[in-house]
Amino acid sequence: MAVELCLLLLLFCGGTISEVQPIYKPPPGTLDFGFVPAKTYDTGAYHEPGPIGILFKVVHAFLYLVQPNPFPQDLIRKLAQQKFGNTQGDYQKAIYYEIGFIVSAALGLLFILLLPLVGLCFCMCRCCDNCGGEMHQRQKKNADCQRSCFATFLFVASLIISVGVLCAYAANQHLTSQVRGAKKLVNSNFKDLKVFLNDTPVQIDYLVSQYNTTKDKALSDLNNVGPLLGSRVQEQLGKEVRPALDAALTMAGAIRETKEALENVSVSVEVLQEGTERLHGNLTDVKMHLSNTLNDSACTAAQAASTCNIIRNSLNQLNINANFSGLPGVSSQLAKVNDVLKIDLSSLVQKGYAAFNDTPDLVVNQTKNILSDIKNVLESIGSNISNFTKTLPVQKIIADLTVYLTQSEAYVQDYFPVVEQYDFYRWLGCLILCCMVVLIVIFYYLGLLCGTCGYDKHASPTTRGCISNTGGNFLMAGVGFSFLFSWVLMIVVVLTFITGGNIEKLVCEPFEDKTLFKVLDTPYLLNQHWKNYLSGILFKNPNINLTFEKVYSDCKENKGIYTSLHLDHLFNINEFLNISMYTEDVALRIEHIQINLSKIILLDEIGKENLLNFSSSGIEGINFGAYLTEINKSVTKVDLLSFANDLEARADQLPKGALENALKGHANNIRMIHSQQVVPLEQAMSTLNQSIRLLKRTSSELMVKVKNVISAVNAAQLLINNNASLVIVQETKKYMDTIIGYFEQYIEWVKESIAMEVAACKPIANVIDTAVDIFLCSYVTDSVNTFWFGLGGSSIFLIPAIIFAVKLSKYYRRMDTEDVYDDMENGNNGYHKEHLYGIHNPVITSSVEQW
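Residues numbered from 1 in each chain as written. Predicted model: local features only at pLDDT ≥ 70, side-chain atom pairs only at ≥ 80, totals over all residues. Heavy atoms only, no water.

## Quick look at the state of the cysteines
Taken as a whole, this structure holds two disulfides when the rule is applied. What pairs with Cys 508 in a disulfide is Cys 777, and their sulfur atoms sit 2.1 Å apart. Because the torsion about its S-S bond is -100°, the bridge between Cys 508 and Cys 777 counts as left-handed. Residue Cys 508 is found in helix H14 (residues 466–512), and its partner Cys 777 is found in helix H25 (residues 762–796); the two are separated by 269 residues along the sequence. For the pair formed by Cys 508 and Cys 777, the shared burial category is buried. Disulfide partner of Cys 555: Cys 761, at an S-S distance of 2.2 Å. In this structure the cystine formed by Cys 555 and Cys 761 twists about its S-S bond by roughly -105°; its chirality is therefore left-handed. Taken as a pair, Cys 555 in helix H17 (residues 548–556) and Cys 761 in the loop between helix H24 (702–756) and H25 lie far apart in primary sequence, 206 residues in all. By relative accessible area, Cys 555 is classed as buried at 4%. This cysteine, Cys 466, is not joined by any disulfide, and Cys 450 carries the nearest cysteine sulfur, 9.2 Å off. We classify Cys 466 as exposed; its relative accessible area is 56%. (Disulfide = S-S within 2.5 Å. Helix = DSSP H or I, 4+ residues; strand = E, 2+ residues; numbered from the N terminus. Buried < 20%, exposed > 50% of the residue type's maximum accessible area, 1.4 Å probe, protein only.)

Rendered as structure tokens:
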């Protein structure tokens, strides 16, 4: 069954895995293949014993004391290879390992042999009125103390025996309940195995179907070849093309700015010339009127003379400072720039941008035929995979395995009632053994109860009551049954101890720490001709390193059976379906993509000539120094506002009268001239300053700048016309690797899924765990070991119980004779010879003789 399933999975793997070694591996977009459908297994290969687990741990600790030696791997290997006993040391090692069990078993055998013999001798001795058989009790001073001690010790021993039998009974019940519940566990394992078989074809179909995810993504990229490949080509070329076009567009903007600046210069100069001429006339009139006012007779007065002289001396400051009449004009430069602007350079550059941005569309139009071939190849890959999986006898193999599994399940179901029936017999036998011990303990408890309750310390041994006497008889009955049953109990204890203890030490513990698997993996152990037994069975090749431990561990971790059993050694997966053949075909077709971008014109000759005309417009010949010299001057020699304020302040120093009012009128007139004429002239000078400086910056090495722009555009155009093929090849290769990367993702996902998810062999590990760890060790061995532990403890404590019961029965039973107390007159301290002073009790004598 396992071999057929392995072959099935391997055939599928051969149809889906291939080796692709790309030269360049870009990080392609991550594909989402979803999760491989997997059902949850019901079996939980873990057993929690419950409260009785405490007893199991105690038994494990006891077994460790009995057998602390490590697992004898060498001895087991020799035994399996039938080489045990070849050397004398093997027996010594075996004895050393089993010394704890041997000593314990020897003590048990001694118990089995001696206790019945002692019981027989004890019975014969009592029949001869020895060993306490004579119904006579000497009276002693410490009789009450002895009776109490014997009763206490017997009670403690009975309690320990009771605890032991309760442990044995609990273990017996636990084993029966677990055996009855094992049917559910077995059914769960069979169900998981069926799920394992039925789920495998579904998982295989899912892996095959996810090729469509790869194909759809590849087709999506092929359908978007323009945005993907075209944009990549455009991005690489754009590193040189876009800066060149940006420079040309910037130069077009500079032409427009130059025109505006020249117009501003022309207008500003005209405004300044007219304004300064008008300002000069107005200032001359102001000086004349001020001079006439200062010639008034009022200025000759002593109080006004000095003030008038100061004002008269400052009249020379009322004059213009900047002279714009001598500045050269810019009409010729403006005319040339206007001629340049007759051609819209910006529109020409935008056409270059538009042509370059059409690169993705050019790629789409020029790759239609090749992309159609590639799509056909992708479709053929999917068809081949689907056709190949249909040829695999998946359903037949699964059906055969299912039939085999169903037959096995039916076989187990048929024999499970037999197992339950035999377990019932075992349970009944163990219950009888427990009842033997319970019967003995009951006699001891009844003896203690009747003897303690019916005991009268004032009554003499011959006059004890019926209840007390009955208690003594119960104790002797318990002693009798102890001798009858103890050897039977110990036989069972020894047999179960040897069997259960060795199973725990030689199977359960090494299985838990996987030492048992290491022994099974010993080369040439199970077959003297095979180095590795498992690979020899599965693959007929014992040299493959396939171990029980590794397979069990992998299945325990729920890995795929393909990985766990190393099925890659069974077939050469490339013989069935080699996807690399198809990817190479796809790569070859993509490499044949030819893209021609020579239709892209960044800037035509008209645009370039337009730039050259701008460079020869003559703006670099403007006398910027003359303009800046006049611009840096103030409009007037003195600030008219300050002059007017000073004039008004000095008028206030004069006596009140016409002179003062006339001077203040002149001050107001000067302020009006400043606001109406000087301020507009200052604004015109600011505009002229900005325009002249802009023209100066633009004209600086204008010819060099224009030639650089034209050179950059020519270089970008040359790249597109001649060297774009290299960029296209590089980007096409990256695009190809992206497409192939989707196949590689699919392959890696299939590999990982097959290794970890497809046909996950957890149910196989669960079957092993259920059979060994749970059923054999947890259910059977732990219960059996706890049973002999409890029953053995009870059997051992029967010995002190016998001794104390025999001793105590003397204090409860009615005696035939007793010692007579004589007030110490004869010098015997009241203790006389029994044959001289004994008082005969015929009733008791007859009853004792009958017993």
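Next, the rest of the story.
## With respect to the confidence of the model for the chain
The share of residues in the chain with pLDDT of 70 or more is 82%, and the mean pLDDT across the chain is 77. Predicted confidence is poor over residues 1–28, with pLDDT under 50, and the contacts of this stretch with residues over four places away or in other chains come to 88 contacts. Per-residue pLDDT stays below 50 along residues 822–851; that stretch engages in 46 contacts with residues further than four places along the chain or on separate chains. (pLDDT = per-residue confidence, 0-100. Contact = heavy atoms within 4.5 Å.)

## Here's the deal with the environment of Phe 71
Structurally, Phe 71 is set in the loop between helix H2 (53–66) and helix H3 (73–80). By relative accessible area, Phe 71 is classed as buried at 15%. A sequence separation of 435 residues divides Phe 71 from Leu 506, and the C-alpha atoms of the two residues are 6.8 Å apart. Those residues in contact with Phe 71 that sit more than four places away from it in its chain are Ile 76, Lys 505, Leu 506, Pro 510, Thr 515, Leu 516 and Val 519.

## What about the packing of helix H5 (residues 143–209) against H25?
At a closest axis distance of 7 Å, the pairing of H5 and H25 adopts a crossing angle of 170°. Relative to H25, the element H5 is oriented roughly antiparallel. Broken down by class, the residue content of the contact of H5 with H25 amounts to 20 nonpolar, 12 polar and one charged. (Axes fitted to C-alpha atoms, helices over the stretch in contact; angles between N-to-C directions. Parallel < 35°, antiparallel > 145°, perpendicular 65-115°, else oblique. Nonpolar A, V, L, I, M, F, W, Y, C, P; charged D, E, K, R; others polar.)

## Some points on the nonpolar core
Core analysis: the largest hydrophobic core is formed by 136 residues, its most contacted members being Leu 290, Leu 318, Leu 602, Tyr 627, Leu 663 and Ile 670. A per-element tally of this core places helix H7 (residues 225–294) first, with 21 residues. (Core = buried A, V, L, I, M, F, W, Y, C linked by side-chain atoms within 4.5 Å.)

## Some remarks on the side chain of Ser 778
You can see Ser 778 is positioned in helix H25. Side-chain polar atoms of Ser 778 contact the backbone oxygen of Asp 773, separated by 2.9 Å. If near-sequence neighbours (up to four positions away) are discounted, Ser 778 is found in contact with His 47, Phe 56, His 174, Asp 773 and Ser 783. (Polar contact = N/O pair within 3.5 Å; in protein donor to acceptor, adjacent residues only side chain to side chain.)

## Things to note about the environment of Leu 534
Here Leu 534 lies in helix H16 (residues 533–539). Between the C-alpha atoms of Leu 534 and Asn 545, which are 11 residues apart in sequence, the distance is 8.9 Å.

## Here's the deal with the pattern of salt bridges
In this structure the tally under the stated criterion is eight salt bridges. One salt bridge connects Asp 554 with Lys 559, and the closest N-O pair in it is separated by 3.6 Å. For Lys 559, a relative accessible area of 18% puts it in the buried group. Glu 557 is paired through a salt bridge with Lys 559; the nearest N and O atoms lie 3.5 Å apart. Since its relative accessible area comes to 51%, Glu 557 is described here as exposed. A network of salt bridges, in which partner residues are shared, links Lys 550, Asp 554, Glu 557 and Lys 559. (Salt bridge = Lys/Arg side-chain N within 4 Å of Asp/Glu carboxyl O.)

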